[in-house]
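Residue-level listing of the chains:
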Amino acid sequence: MGEPEYESVVLVKQEVFVYKIPPRQSNRSYRAADWNLLDPIWTGRLRMVAKGRSLCVKLEDKSNGTLFANCPIESYPGVAIEAVSDSSRYFVLRIQDGNGRTAFIGLGFGDRSDSFDLNVALQDHFKWVKNEEKIEKEKVEPKQQLDLGFKEGETIKINMKITKKDGSEASSRLTGKKTGAGGLLPPPPGGNKISPPQAGSPSHQQLPASSSATAATAGGQTEWGEFTSAGVQSTTADAAAATPSKTNANWVQF
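Asks: What should I look at first to understand the overall build of the chain in this one?
Replies: When you go through the chain residue by residue, the secondary structure sums to four helices and seven strands. Scanning the chain from its N terminus toward the C terminus, one meets helices and strands in the order β-β-β-β-β-β-β-α-α-α-α. Per-residue burial for the chain yields a buried fraction of 20% across its 254 residues. Across the chain, every contact between residues at least 6 apart in sequence was considered, and the portion connecting residues at least 24 apart equals 51%. When the accessible surface of the chain is summed, it comes to about 20700 Å², and 54% of that surface belongs to carbon and sulfur atoms.

Quick look at the structure:
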């Protein structure tokens with residue numbers, strides 16, 4: 001046994017006007033200009049009541065609440081309530097008595113905001129009904145599971161980009177100028193350059209023969225010792241030949 005349904009008041013307007021309308025001609029829409037708007041047949045209160053998914057508009061007396069007309073609404077827009085074509089403040093209602101007999105009457109509001117509230121209340125109710133029907137349908141018919149697996153012969157391609165620490169993207173190929181001969185890399189930018197020694201600088205001068213001989217003697221333990229001593233003897237002989245003796249110096253001078 002289901003839970004009992006309770007009535008809830010959706011909208012209340014304290015003053016509405018009811019008009020007698022002429023029969024509808026063919027499929028032409030209703031026009032409020034065809035009614036006698038200055039002479040309504042009834043004035044009272046409007047209450048819109050919802051009970052579960054059903055909705056109805058009740059026209060009642062403002063003082064004692066006596067029911068004047070009842071308008072069940074199955075859908076909106078629909079036959080039960082229809083807006084006229086020449087104004088936003090007037091509607092046509094299909095009222096129904098307890099025996100199932102129906103009739104059409106005109107309904108009007110003094111302010112456009114009241115008719116706007118009626119439209120919003122109708123739309124909200126039937127939107128809720130539609131969502132409830134969708135939820136119940138999903139309970140009976142579960143959602144179809146999506147097949148996300150690969151089909152036979154299906155492949156996937158992924159493009160990957162490697163980002164360096166500085167935010168630039170690395171390339172798969174090395175770019176830049178070719179290196180110098182011998183495969184040496186060029187010097188780093190901004191590095192200190194070493195200038196070649198000048199011709200007159202102390203580091204460019206040759207050491208005396210004696211100094212060279214001493215250095216050669218100190219390094220005699222290396223495998224270059226024999227070549228160094230030979231060079232020293234040759235240098236000493238050349239120096240002796242270039243220097244005249246004291247004996248010859250006496251008769252050379254005049």
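Asks: Would you take a moment to explain the sheet that holds strand β3 (residues 54-60) for this structure?
Replies: Adjacent strands of a sheet form backbone hydrogen bonds with each other and so pair up, either parallel or antiparallel. The strand order β4-β3-β2-β1-β7-β6-β5 describes an open sheet built from seven strands, whose pairing is antiparallel. One side of each edge strand has no neighbouring strand; the edge strands of this open sheet are β4 (67-73) and β5 (81-83). The mean angle between the axes of side-by-side strands here comes to 30°, regardless of whether they run parallel or antiparallel. With three bridges connecting them, β5 and strand β6 (residues 90-96) associate as antiparallel partners. Looking at the pairing, I81 lines up with L93 of β6. With respect to the sheet, helix α1 (residues 112-140) is in contact with β1 (7-19), β2 (42-51), β3, β4, β5 and β6, its orientation differing from that of β1 by roughly 145°.

Asks: Got a minute to help me understand the pattern of salt bridges in this structure?
Replies: If charged atoms from side chains of opposite charge come close, those side chains can pair. With the rule as written, the count across this model stands at 10 salt bridges. Here K13 makes a salt bridge to D114, at a shortest N to O gap of 3.1 Å. Placement of K13 in strand β1 and of D114 in helix α1 is noted, with a sequence separation of 101 residues between them. Residue D114 is classed as buried on the basis of its relative accessible area, which comes to 18%. R53 serves as the salt-bridge partner of E136, at 2.8 Å between the closest nitrogen and oxygen. Residue E136 is located in helix α1, and its partner R53 is located in the loop between β2 and β3; the two are separated by 83 residues in the primary sequence. The exposure class of R53 is partly exposed, given its relative accessible area of 32%. Taken together, the shared-partner salt bridges connect K13, D114 and D117 into one network.

Asks: Sorry if this is basic, but what is going on with the pairing of β3 here?
Replies: Moving residue by residue along a regular strand, the side chains alternate between the two faces of the sheet. Most of β3 is tucked away, with six of its seven residues classed as buried. In terms of strand pairing, β2 meets β3 through seven bridges, oriented antiparallel. Looking at β3, one finds that R47 is bridged to K58. A loop of two residues connects β2 with β3, the two strands running antiparallel in sequence, and G52 in this loop sits at a positive phi of about 70°. Pairing geometry for β3 and β4, over six bridges, is antiparallel. Bridge pairing in β4 links L55 to I73. Adjacent in sequence and paired antiparallel, β3 and β4 are bridged by six residues, among which G65 carries a positive phi angle near 80°.

How each quantity is defined
Residues numbered from 1 in each chain as written. Predicted model: local features only at pLDDT ≥ 70, side-chain atom pairs only at ≥ 80, totals over all residues. Heavy atoms only, no water. Helix = DSSP H or I, 4+ residues; strand = E, 2+ residues; numbered from the N terminus. Buried < 20%, exposed > 50% of the residue type's maximum accessible area, 1.4 Å probe, protein only. Contact = heavy atoms within 4.5 Å. Areas by Shrake-Rupley, 256 points an atom, 1.4 Å probe, with all protein chains shown as cover. Pairing = 2+ DSSP bridges. Axes fitted to C-alpha atoms, helices over the stretch in contact; angles between N-to-C directions. Salt bridge = Lys/Arg side-chain N within 4 Å of Asp/Glu carboxyl O.

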